[in-house]
Amino acid sequence: MIPYTVNIKLAARTLTGTLNLQNKTAVDWGWQGLIAQGCHSSILIIDPKTSQTIQVLERHKANVVKVKWCRENYHHSLSAPYSLRLASADAAGKIIVWDVVSGTAHCEIQEHSKPIQDMDWLWTQDASRDLLLAVHPPNYIVLWNGDTGTKLWKKSYAENILSFSFDPFEPSNLALLTSEGIVFISDFSHSKPPGSGGKKVYIASPHASPAHTKPVPAVAPAPTGAKKALNKVKVLITNEKPTVEAVTLNADCLQLSYLPSKRNHMLLLYPREILILDLELSQTVGVVAIERSGVPFIQVIPCAQRDALFCLHENGCITLRVCRSTNAPDESGAATDPEQCVQELVYDLRSQCDAIRVTKTVRPYRMVICPVNENNAALAVSDGRVMLWELKAHVAKPALNPCSGLSPLYSPVAFCGSPLGQNQKKIQDLSLNTMIGQSLVLGADPPPGSPQQEVQLKFLLTGLLSGLPLPPFALRMCPPLTTKNINHYQPLLAVGTSNGSVLVYNLTSGLLHKDLSVHSCEVKGIEWVSLTSFLSFATSSPNNAGLVRNELQHVDLPTGRCFAFRGERGNDEPAIEMMKVSHLKQYLVVVFRDKPLELWDVRTGTLLREMAKSFPTVTALEWSPSHNLKSLKKKQMLAREAMARQTTLSDAEQSSVESSVISLLQDAESKSEGGGQAISAREHFVFTDTDGQVYHITVEGNMVKDGARIPPDGSMGSIACIAWKGDTLVLGDVDGNLNFWDLKARLSRGIPTHRGWVKKIRFAPGKGNQKLLVMYTDGAEVWDTKESDLVPGPVHSFVRVNMVSSLRIGRNVNYRILDIDWCTSDKVVLASDDGCIRVLEMAMKSASYRMDEQDLTDPVWCPYLLLPRAALTLKAFLLLQPWSGTFTMDISQVDYIEKDEIKGLIQEQLNSMSNDMKSVLQDPELNLLQRCLLVSRLFGDESDLQFWTVAAHYLQSFAQAHQLSLSVPEGQAPLEGTQTTPQGHLDICHDTLCESFYFQRFQLERVHLQEVKRSSYEHTKKCADQLLLLGQTDRAVQLLLETSADNPSYYCDSLKACLVTTITSSGPSQSTIKLVATNMIANGKLAEGVQLLCLIDKAADACRYLQTYGEWNRAAWLAKVRLNPAESSDVLKRWAEHLCSPQVNQKSKAILVLLSLGCFHKVGEMLHSMRYFDRAALFIEACLNFGVMEANDSSNKLISAAFVDYARLLRSLGLREGAAFWASRAGDAGEQLLEELFEGEEAVPVPEEEEEETEALENAE
């Protein structure tokens, strides 16, 4: 067993409970790998891998309604480090941007005082990563600088805005979901507010739309319950305001999101179906409907890596639906006519997790998925639970009943973008795209290579965080730390709950230690009788006679054994008001509402005395901290009795009575040293009755003696509580007065706090620590009673008392305090009605804590917690260790100059990795590209991940073309026939970066789908236009001839059909058409002109015109679908230049475009000029490895510059060996750096290991 080390310093922390309804949408999973969740006015930061709360942020005064992690889509360096930034918004309209590690606020933003409806960080700009867009009710969108809190612009709209969604492919597109429909904004920019009011569209149901002449082909046999939904498949988006009955469709639209897996698609979520819209056509192209008996949706998250949807249902079940491959052959085995094949996008249910038990108080709120891997989901439940589900792929047995209709899913043959080596280790469930392969497109052959494995997906519950139950709570901290118990002490807090269970938390880690179901009704109080056992009592609700069932249980923590302490007693009697255990844990007093108190022996569990009926009603009671032992001389006892007889007669004025009484008490308690045999110890307690009279009672064995009685103090009301420590006794009354008695100096002092009823008083633990915590109905205070200073003069000497801190509802907090206790000598613990329990410093300021000071039970992999420099060192260490023969996971084995403390933190991070990940990273088969991809996944580095995914794909595909000795000119994609890489092609989520042949097929399929779905003349016209651009003239002519004779465009369309069929390639007709096209373009009819140019195979000119008029995306699209590689490459290069221009500033996008063209030298130069030294050096190294870049005179300059700069970067991080390795390969420039690195070390003997390494380096040179 691990020896238990005591952490005496407890961190301030918050234990959270159930969520508020306003917290429903406040949950987010960031690229950084952590989940943020709003709970009342706090924000929890959860690590999903170890399922523990690692930070609680407190600064909001109102309920948190939205949280959003900052994106990580920028290159990280010392000036732009890995940092945890989070924006949170509350119901009072305040937005706070946090530095999560330190728990401090970067800036606070306030515009209005209404709840923020939605917010998100901008993702586009290379230059600025701080911009935050927020919806301020009812109808404003405001762009903020999240670093400084300044407002950049504000724009209002006609309708109330509910939420928004950014287009993941086009930064200038934004869609707002409003109360009446959808507003599309196409000129969104960070520099100025959108100019127009956007394009408003209304969602109309089909019967409101004009009927179209073409009969609609019936959809493949639909599931029985979805018939009603099929009417909605024809839902179309109109620009006219719909009629009354049509509006209802928009009223229950729950969510709108762009699909990140393919361009220009959007989903709309309704309780019983999901509509997939193609925005080019403004038409539904797919629907996911729920059968009549099915459970309605509440949320859906579209994936980027595959065309798949995570759906959350009202019963807390998460389902995964994957888009069906369109080229799946039907049962006959023969591929059918493409037009008949594509009916609509179908999303097949591939996996679902278990539902939860939904009750009035327990319902699912929100789901979030991991943005890096998209194979983990977390579900936030209203009772404060967070359930962590992981998607697992396992090899499927061939289906017994192939008629189930689902085409099989295959796992890809590659790992991290490269084909798997012979004995290479891989992580099967690394991410969604390593678990299931691409869905195949019409006419595309399945990728060649090894036979694919068929897989099935399953959800596995891998973690569960549970919160506190609903308040009220009863708190009691275990006995304090002493020198005697230091070796086995655990700071345990017992929390009694309203449902009868007692939760025991370990405050070192903040984790639940035990959850004990002890009672059947609300727990009212807990008292510890040792470090590992406690007594707790609960009372049921009263019957007609006002009697209740009392439960008093003794609980032993290690065994969990519980027994009824009062035996058979407890049915139909007055309620227990309180119980108090004596200081030596020998005796227990149980006080009832309308019944005399009982005195019990804790050790034997026997009743010592039940007081007589005439016994006074107890209002407050406390045991004395001092205790006498039997061995005291009889003389002392006699003296005490004599004094007691004297003072009961004394009847003088108030103050003199008081002082003499106090002296009496003080003598009665004269200290006895040594706490020998517990059996013989005598203990005392004091209590007050309803008149305020103080009684003093001595208990010894089974003898109970009545001692002194002190008359009430006229300035005090009815006494509500007493606390006693050392020589100080404090009384609190129902009017908010505190009376401090100093027993040694025989003084007293009353302090009116004007705070109303004093509910509880508790002294802090620790010898000589005279601080006390007082609880009122409206808050709490900490007071310090110093040793009294005798003030010279008359009798009016005072006890010195001063207030340390105060907490009041409405003034500095917005929650009511339910219970209090001390957890250490300088920290208090408060339970509040917002369902939280807070451990606070004495100042009682709710504060977040520094995450790096946390004492976590399980180490957390999160490089963002390290210092910026250390995080970059860790990354460099994982990326490459070429200077040693083997790959190590021990940082102490490399020459790394840094403080031991930081080294230790880096080593902790390395140790916290999973064993699978460690073995893959140490696998010599893992190539450089795979390593870069894996590390960017580990770090959640969006920009790295995107770069290396595209780079790995095209480096390998160009390398393969080279091997087949096809000299592909730089800047030109290899031809279709050479595409034999096992991974086939880039996923369509990369849009125009994909190979042309694949992109073309995808667009053709999309047009076929649009054609099936069209339901108005507008749609048909758009389809015909698309077909003409794609070169499908025959089909376009058919559509043009469909126009009905009463349509105003009938004549025009008929002529166009004639033109298309009769175009000959004779010179004159071509030049006429070209002339007409250029005139059209000059007169503002760009689309029509481009169409004519495409008809005469002048698509390259068309692209040039599109680019001239700023239609860059359209030009890239056209180049991909119509041009030969050389022409297409020119168009895309011009686009890349445009992206690099300062006004666009999207160099990272330009780099990706150049990668897809194979301009590797240019990419290397750009990376180096942008000062991305690590990425540039590793990329050039990969190019050299794959033979797509040769070390010749032209490239040597770039190679040495990149290598030497990376070496300098490594030197600045303290990694000397790495710096030496890269410098040694950088030619002359590197030699100078090598000298600097090892100057003054020539005489130092080199250890054997290093000698081998230097030899290896020389060989490498």
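Remember, it's a predicted structure, so these values are computed and weren't measured experimentally.

A. Spotlight on the packing of aromatic side chains. The tally for this structure, following the rule as stated, stands at 23 aromatic pairs. For the ring pair Phe 164 and Phe 166, a centre distance of 5.6 Å and an interplane angle of 75° mean the geometry is edge-to-face. Each member of the pair, Phe 164 as well as Phe 166, carries the same accessibility label: buried. Each residue in the set Tyr 587, Phe 615, Trp 623, Phe 685, Phe 687 and Tyr 695 is aromatic and connected to the rest through ring pairs, giving one cluster. Across from the ring centre of Tyr 140, 4.2 Å away, lies the NZ or CZ of Lys 154, which sits over that ring.

B. The side chain of Ser 163, seen in detail. Within the secondary structure layout, Ser 163 lies in strand E14 (residues 161-166). Residue class for Ser 163 comes out buried when judged on its relative accessible area of 17%. If we ignore the near neighbours within four places in the chain, the residues touching Ser 163 are Asp 118, Ala 175, Leu 176 and Leu 177.

C. Spatial organisation of the pairing of strand E56 (residues 771-776). Burial runs high along E56: five of the six residues are buried. When strand E55 (residues 758-763) meets E56, the two strands line up antiparallel, connected through five bridges. Counted as the bridge partner of Arg 762 is Leu 773 from E56. Pairing of E56 with strand E57 (residues 779-785), which is carried by six bridges, proceeds in the antiparallel orientation. Paired with Tyr 776 across the bridge in E57 is Gly 779. Taking the residues between adjacent antiparallel strands as the criterion, E56 and E57 are bridged by two residues.

D. Broad picture of the sheet that holds strand E11 (residues 131-136). Within the open sheet, the four strands sit side by side as E10-E11-E12-E13. Their pairing is antiparallel. Looking at strand neighbours, the two that pair on one side only are strand E10 (118-121) and strand E13 (151-156), the edges of this open sheet. Across this sheet, the average inter-strand angle for adjacent strands is 15°, counted without regard to direction. Across four bridges, E10 lies against E11 in antiparallel orientation. Each residue of the ladder has a partner; that of Asp 120, found in E11, is Leu 133.

E. Spatial organisation of helix H11 (residues 942-963). When the terminal C-alpha atoms of H11 are compared, their 32 Å separation across 22 residues agrees well with the 32 Å that a helix rising 1.5 Å per residue should span. For H11, the buried fraction is high: 17 of the 22 residues fall into the buried class. Residue Asp 941 occupies the N-cap position of H11, its side-chain oxygen lying 3.3 Å from the main-chain nitrogen of Ser 943.

F. Broad picture of the pattern of salt bridges. Applying the stated rule across the entire model yields 53 salt bridges. For the salt bridge of Lys 595 with Glu 598, the shortest nitrogen-to-oxygen distance reads 3.7 Å. Since its relative accessible area comes to 22%, Lys 595 is described here as partly exposed. Taking relative accessible area as the criterion, Glu 598 reaches 0% and is therefore assigned buried. Note that Lys 1056 and Asp 1025 form a salt bridge whose closest N and O atoms lie 3.6 Å from each other. With Lys 1056 in helix H15 (residues 1050-1062) and Asp 1025 in helix H13 (residues 1017-1029), the pair connects residues that are 31 residues apart, well separated along the chain. Connected through shared salt-bridge partners, Arg 566, Arg 569, Glu 573, Lys 595, Glu 598 and Glu 610 make up one network.

G. Fine view of the confidence of the model for the protein chain. Across the protein chain, pLDDT averages 82, with 83% of residues at or above 70. This model gives residues 242-248 a pLDDT under 50, and the stretch forms eight contacts once residues within four places in sequence are excluded. In this model residues 328-340 is a low-confidence stretch, pLDDT under 50, and it forms seven contacts with partners more than four residues away in sequence or in other chains.

H. Summary view of the sheet that holds strand E37 (residues 511-517). Spatially, E34-E35-E36-E37 is the arrangement adopted by the four strands of the open sheet, whose pairing is antiparallel. This sheet does not close on itself; its edge strands, each paired only once, are strand E34 (474-477) and E37. Mean inter-strand twist for the sheet, computed between neighbouring axes without regard to direction, equals 20°. By the bridge criterion, five bridges tie strand E35 (residues 492-496) to strand E36 (residues 501-506) in an arrangement that is antiparallel. The residue of E36 that forms the bridge with Leu 493 is Tyr 505.

I. Just the environment of Glu 908, in detail. Take Glu 908: it is sitting in helix H8 (residues 900-911). Considered as a pair, Glu 908 and Trp 861 are 47 residues apart in the sequence and their alpha carbons are 8.5 Å apart.

J. Molecular detail of the nonpolar core. Among the nonpolar cores identified, the biggest contains 176 residues, and Ile 45, Leu 86, Leu 878, Leu 921, Leu 1118, Phe 1179 and Trp 1222 are the most heavily contacted of them. Of the residues forming this core, the biggest block, 10 residues, is contributed by H11. Apart from the residues within four sequence positions on either side, Leu 86 is in contact with Ala 36, Ile 43, Ile 45, Leu 57, Val 67, Lys 68, Trp 69, Ile 96, Val 97, Trp 98, Val 100 and Trp 121. Leu 10, Met 477, Tyr 489 and Val 523 belong to the second-largest nonpolar core, a separate cluster that totals 30 residues.

K. Structural context of the packing of H11 against helix H21 (residues 1147-1157). Put simply, H11 and H21 touch, their axes get as near as 8 Å, and they point 15° apart. By the angle between their directions, the pair H11 and H21 is classed as roughly parallel. Seen from above, H11 lies across H21 with left-handed handedness. Contact with H11, carried on its side by Gln 946, Phe 947, Val 950, Ala 951, Tyr 954 and Phe 958, involves Ile 1151, Leu 1152, Leu 1155, Ser 1156 and Leu 1157 of H21 and no other residues of that element. A class-by-class count of the residues in the contact of H11 with H21 yields nine nonpolar, two polar and no charged.

Definitions and limits used
One numbering rule holds for all chains: residues counted from 1, following each sequence as written. In keeping with the predicted nature of the model, local features appear solely for residues at pLDDT of at least 70, side-chain atom pairs appear and are counted solely at 80 or more, and the whole-chain, interface and lining totals rest on all residues. Values shown for side chains rest on all heavy atoms present in the structure; no hydrogens or waters enter the calculation. Aromatic contacts are taken between Phe, Tyr and Trp rings whose centres are within 6.5 Å, Trp giving its six-membered ring; a plane angle under 30 degrees counts as stacked, one over 60 as edge-to-face, and the others as tilted. Partly exposed describes any residue whose relative accessible area lies between the buried limit of under 20% and the exposed limit of over 50%, with all areas from a 1.4 Å probe on protein chains only and scaled to the type maximum. Charge-over-ring placement is defined geometrically: NZ (Lys) or CZ (Arg) within 6 Å of the ring centre, and within 35 degrees of the ring normal. Helix numbering and strand numbering both begin at the N terminus, where a helix is a DSSP run of H or I of at least 4 residues and a strand a DSSP run of E of at least 2. Any two residues whose heavy atoms approach within 4.5 Å at even a single point are treated as in contact. Whether two strands pair comes down to DSSP finding at least two bridges between them. Think of each axis as a best-fit line through the C-alpha atoms, taken over the contacting stretch in the case of a helix, with angles from 0 to 180 degrees between the N-to-C directions. Expected span of a helix: the number of residues minus one, times 1.5 Å. Residues adjacent in sequence count toward polar contacts only when both atoms are side-chain atoms; beyond that, a polar contact is any pair of N or O atoms within 3.5 Å, and within protein one must be able to donate a hydrogen and the other to accept it. Whenever a carboxyl oxygen of Asp or Glu lies within 4 Å of a side-chain nitrogen of Lys or Arg, that contact is scored as a salt bridge. Per-residue confidence from the prediction method is given by pLDDT, with values spanning 0 to 100. Residue types Ala, Val, Leu, Ile, Met, Phe, Trp, Tyr and Cys, when buried and joined through side-chain atoms within 4.5 Å, form a set referred to as a nonpolar core. Orientation labels follow simple angle bins: below 35 degrees gives roughly parallel, above 145 gives roughly antiparallel, 65 to 115 gives roughly perpendicular, and whatever is left gives oblique. By definition, turning the near helix anticlockwise from the far helix through less than a right angle yields a left-handed crossing, and turning it clockwise yields a right-handed one. Residues are grouped as follows: Ala, Val, Leu, Ile, Met, Phe, Trp, Tyr, Cys and Pro are nonpolar; Asp, Glu, Lys and Arg are charged; every other residue, Gly included, is polar.

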